[in-house]
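Observations on the three-dimensional arrangement
Here's the letter readout for the chains.
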Amino acid sequence: MRLRSATPAGCRRDARRRGGAGRRAGRRGPDQCGRRGGDFSACCKADLFDIGELGRAATGSGNPVVPLVKALTNAVPEPANRHVHRGATSQDILDTASMLVASRALLPLLDDLSAAASMCADLAQKHQHTTMAGRTLLQQALPTTFGLLAATWLHGLDTAVDGLVRLRKTRLAIQFGGAAGTLASLGEDGVRVAAAMARRLELAEPVLPWHTERTRIADLASATATAAGAGAVGTIAKDITLLAQTEVGEVSEAAGGGSSTLPHKQNPIAAIAALAGAAQAPGLASTLLATMPQEYERAAGNWHAQWRPLTDLLRVTGSAAFWLRTSLSGLNVHSERMRSNVDITGGLC
């Protein structure tokens, strides 16, 4: 399930964008679900539902789960349809969906970050004796090596990867507490059903429902923002853009971007794109942290406010990691220019 905007206007905009394809999908009938006794998993396929109509109907209930449950109940044959949404509440579905989205989004993110780390390791090994100017406050300080700079990049990426792997394994959990977090409608079977749900979805099983205890969202926000804007990706992309300046000229991208008016330019466009994605991450994480205080058993507003920034954060972080990988994959290191720049200060550097 895709998470939607928390605002009715946002739901309407999404609905209009998806209207044509959604209406076509909505014409498919419940007979396509298959009829296998109590198993209605064949009915739980996105292309069997009118996504646009679900978006429009969501404005009447504040979330898309209410119309989705109605549509799924209508699609599932009797008597199995009595078990649709049994024991759950809307927040259980949306929060679990967000954890599934995050779990899947982290896979390509980790792949890109790990690949970038491997490239940094190669650069560190190859250039351990390549002298360059160390720079503090954007001014030349003392000599260092490009290998040491690349090793610093590597350490930041490794730290980010370790944090995201740990997060994906332990902090992405199902949400299943029912109307008020007590699982009362399932009686003694509630805990067992929650455990089975976690196994089926390959998510962690929480000790308690976390409807208003949002530290999992905070951990996800912090880890992704650290990997992108506040840490590894942004730092490396910033260094590459500065080192690629015409006046510095110590690195260049293999496939630098051109200019619409200046044919002599070779912009480090992959690093620039990585930096653009990374720059957005801290603000989105800040919104998620600001909305952590949530009252009683279900929040009015702050829960809804987390939907869009969470998906946006995953999107911009993934984009930043992809473009950093692209930049590093064809990075040219101009060691002679590095050496000549050291000599600019007449031996002081």
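Anything mentioned here points back to the structure above.
Numbering of residues starts from 1 in each chain and follows the order in which that chain's sequence is written. Selection of residues for local features in this predicted model requires a pLDDT of at least 70, selection of side-chain atom pairs for listing and counting requires 80 or more, and totals for whole chains, interfaces and linings are taken over all residues. Computation of side-chain values covers all heavy atoms of the structure but excludes hydrogens and water.

**What about the overall build of the protein chain?**
Counting from the N terminus, the helices are DSSP H or I runs at least four residues long and the strands are E runs at least two residues long. Along the backbone of the protein chain there are 12 helices and 4 strands. Areas reported as accessible are Shrake-Rupley estimates using a 1.4 Å probe. Residue values count occlusion only from the protein chains shown. When the accessible surface of the protein chain is split by element, carbon and sulfur atoms take 55% of a total near 17,800 Å².

**Quick look at the environment of Ala 124**
Looking at the element boundaries, Ala 124 is found in helix H4 (residues 90-126). The buried label applies to any residue whose accessible area, calculated with a 1.4 Å probe on protein chains only, is under 20% of its type's maximum; exposed applies above 50%, and partly exposed to all values in between. The exposure class of Ala 124 is buried, given its relative accessible area of 14%. Residues Ala 124 and Leu 148, 24 residues apart in the sequence, show an inter-C-alpha distance of 6.3 Å. Should any heavy atoms of two residues lie within 4.5 Å, those residues are counted as being in contact. Leave out the neighbours within four places in its chain, and Ala 124 touches Gly 147, Ala 150 and Ala 151.

**Some thoughts on the packing of aromatic side chains**
Aromatic contacts are taken between Phe, Tyr and Trp rings whose centres are within 6.5 Å, Trp giving its six-membered ring; a plane angle under 30 degrees counts as stacked, one over 60 as edge-to-face, and the others as tilted. The full count for this structure, using the stated rule, is 3 aromatic pairs. Ring geometry for Phe 146 versus Trp 153: centroids 5.7 Å apart, planes at 90°, classification edge-to-face. Between the aromatic rings of Trp 303 and Trp 307, the centroid separation amounts to 5.1 Å while the plane-to-plane angle is 80°, which identifies the pairing as edge-to-face. Per residue, the accessibility class of Trp 303 equals that of Trp 307, and both read buried.

**Regarding the pairing of strand E1 (residues 131-136)**
Here E1 runs beside strand E2 (residues 139-145); their pairing, made up of 5 bridges, is antiparallel. Residue pairing across strands places Thr 136 opposite Gln 139, the latter belonging to E2. Only when DSSP finds a minimum of two bridges between them are two strands counted as paired. What sits between E1 and E2 in their antiparallel hairpin is a turn of 2 residues, with Leu 137 showing a positive phi close to 55°.

**Some points on the nonpolar core**
Working definition of a nonpolar core: buried Ala, Val, Leu, Ile, Met, Phe, Trp, Tyr and Cys residues. They are joined through side-chain atoms within 4.5 Å. Counting 69 residues, the largest nonpolar core has Leu 113, Phe 146, Trp 153, Leu 157, Leu 164 and Leu 328 as the members making the most contacts within it. Elements supplying a minimum of two residues to this core: H4, helix H5 (146-170), helix H6 (190-201), helix H7 (215-227), helix H8 (232-243), helix H9 (269-290), helix H11 (307-329) and strand E4 (331-333). Broken down by element, the residue count for this core peaks at 12 residues, all from H4. In this view, Leu 164 contacts Leu 106, Leu 109, Leu 110, Leu 113, Ala 223, Thr 224 and Ala 227; residues no more than four positions away in its chain are not counted.

**A closer look at H6**
For H6, spanning 12 residues, the distance from its first C-alpha to its last is 17 Å, which sits close to the expected 16 Å at 1.5 Å a residue. Within the span of H6, buried status applies to Gly 190, Ala 194, Ala 195, Met 197 and Ala 198. When H6 is viewed along its axis, its buried side chains cluster within an angular range of 160° and face the same direction. Set apart from the buried face of H6 by more than 90 degrees, the exposed residues are Arg 192, Arg 199 and Arg 200. Buried residues along H6 sit in contact with H4. Phi turns positive, to about 60°, at Glu 202, one or two residues after H6. What a helix is expected to span follows from its residue count: subtract one and scale by 1.5 Å. This arc corresponds to the set of directions leading from the helix axis out to the C-beta atoms.

**Some points on the packing of H8 against H9**
Helix-helix packing is characterised by the crossing angle of the two axes and by the distance between the axes. As a packed pair, H8 and H9 sit with axes 8 Å apart at the nearest point and diverge in direction by 140°. Between H8 and H9 the crossing geometry is left-handed. Here H8 contributes Val 233, Gly 234, Ala 237, Lys 238, Ile 240 and Thr 241 to the contact with H9, which in turn contributes Ala 271, Ile 272, Ala 274, Leu 275 and Ala 278. Under this grouping Gly is polar, as are all residues other than the nonpolar Ala, Val, Leu, Ile, Met, Phe, Trp, Tyr, Cys and Pro and the charged Asp, Glu, Lys and Arg. Looking at the contact of H8 with H9 residue by residue, the class counts come to 8 nonpolar, 2 polar and 1 charged. The axes are straight lines fitted to the C-alpha atoms, using for helices just the contacting stretch, and the angles between their N-to-C directions are given from 0 to 180°. The hand of a helix crossing depends on one turn: near helix anticlockwise from the far one by less than a right angle means left-handed, and clockwise means right-handed.

**Notes on the side chain of Thr 89**
As for its position among the elements, Thr 89 is in the loop between helix H3 (65-75) and H4. If near-sequence neighbours (up to four positions away) are discounted, Thr 89 is found in contact with Gly 178, Ala 179, His 211 and Arg 298.

**Re the packing of H9 against H11**
Look at H9 against H11: their axes get within 8 Å of each other, and the N-to-C directions meet at 155°. By the angle class used here, H9 and H11 are roughly antiparallel. H9 and H11 meet at a crossing whose hand is left-handed. Residues Ala 270, Ala 271, Ala 273, Ala 274, Gly 277, Ala 278, Gln 280, Ala 281, Leu 284, Ala 285, Thr 287 and Leu 288 of H9 touch H11, and the partners they reach there are Pro 309, Leu 310, Asp 312, Leu 313, Val 316, Thr 317, Ala 320, Trp 323, Leu 324, Thr 326 and Ser 327. By definition in this entry, angles of less than 35 degrees are roughly parallel, angles greater than 145 are roughly antiparallel, angles of 65 to 115 are roughly perpendicular, and the rest are oblique.

**Comments concerning unusual backbone geometry**
That bond from Glu 78 to Pro 79 is cis: its omega, 0°, falls within 30 degrees of zero. Structurally, Pro 79 is set in the loop between H3 and H4. Here His 85, not a glycine, exhibits a phi torsion of approximately 70°, which is positive. Structurally, His 85 can be placed in the loop between H3 and H4. Classification of His 85 as partly exposed rests on a relative accessible area of 26%. At Leu 138, a residue that is not glycine, the phi angle is positive and equals roughly 70°. Relative to the helices and strands, Leu 138 resides in the loop between E1 and E2.

**Side note on helix H2 (residues 51-58)**
Every buried residue belonging to H2 is among Gly 52, Leu 54, Gly 55 and Ala 58, and all of these are buried. Each buried residue of H2 sits inside an arc of 160° when the element is viewed along its axis, so together they form one side. Of the residues flanking the start of H2, the one acting as N-cap is Asp 50, its side-chain oxygen 3.2 Å from the backbone nitrogen of Gly 52. The term polar contact refers here to a pair of N or O atoms within 3.5 Å; inside protein, the definition further demands a hydrogen-donor-capable atom paired with an acceptor-capable atom, and it admits residues adjacent in sequence only when both atoms are side-chain atoms.

**A few points about the side chain of Ser 327**
Residue position: Ser 327 is located in helix H11. Among residues more than four places away in sequence, those in contact with Ser 327 are Ile 240, Glu 253, Ala 270 and Ala 271.

All we've got here are geometric facts, nothing functional implied.
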